[in-house]
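Descriptive analysis of the structure
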Amino acid sequence: MNIEIKEQNGSYIGNLIGWIDTAEASKFLEDLKPLMDNANKRIELDCTKLEYICSLGLRGLLKLQKESHALGGSMILTHVEGEVQKILKLTGFDRLFDIR
């Protein structure tokens, strides 16, 4: 699992790449720290290259979203497809996130 973060016009874009499984979840949560530190901004997480996400990964996304909303920022997920889309629907997380 890898996350590439870049700042663009005052917003942050994170490209999620690979598998976020139980073994990678703690690394993923650590990698989200720069976004947590800027949760008052607009955050876009591009899931084009995300192949799988486990419940701990979903928990990390939910925590980021809650922090973002609490600080007046926003978080969206983009290009959610395939297995990740199925997981979000099965867990009901598709109703919790702004997905575009």
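**Quick word on the pairing of strand S1 (residues 2-8)**
One ladder, built from seven bridges, connects S1 with strand S2 (residues 11-20); its direction is antiparallel. Note on S2: the bridge partner recorded for Ile5 is Gly14. Connecting S1 to the antiparallel partner S2 that follows it, the hairpin turn spans two residues, and Asn9 within it adopts a positive phi of roughly 55°.

**Concerning the packing of aromatic side chains**
In total, this model carries two aromatic pairs according to the counting rule given. Taken together, a centroid distance of 5.8 Å and an interplanar angle of 40° make the contact between Phe93 and Phe97 tilted. Overall, the relative accessible area of 17% leaves Phe93 in the buried class.

**Re the sheet that holds S2**
Strand order in the open sheet formed by five strands is S1-S2-S3-S4-S5, with mixed pairing between adjacent strands. Lying at the two open borders of the sheet, with one neighbouring strand each, are S1 and strand S5 (98-99). Against the sheet, helix H1 (residues 22-31) engages S1 and S2, with an angle of about 175° to S2. The strands touched by helix H4 (residues 82-91) are strand S3 (42-53), strand S4 (74-78) and S5; relative to S3, the strand with the most contacts, the crossing angle is about 105°.

Rules behind the numbers
Residues numbered from 1 in each chain as written. Predicted model: local features only at pLDDT ≥ 70, side-chain atom pairs only at ≥ 80, totals over all residues. Heavy atoms only, no water. Pairing = 2+ DSSP bridges. Helix = DSSP H or I, 4+ residues; strand = E, 2+ residues; numbered from the N terminus. Phe/Tyr/Trp six-rings, centres within 6.5 Å; stacked < 30°, edge-to-face > 60°. Buried < 20%, exposed > 50% of the residue type's maximum accessible area, 1.4 Å probe, protein only. Contact = heavy atoms within 4.5 Å. Axes fitted to C-alpha atoms, helices over the stretch in contact; angles between N-to-C directions.

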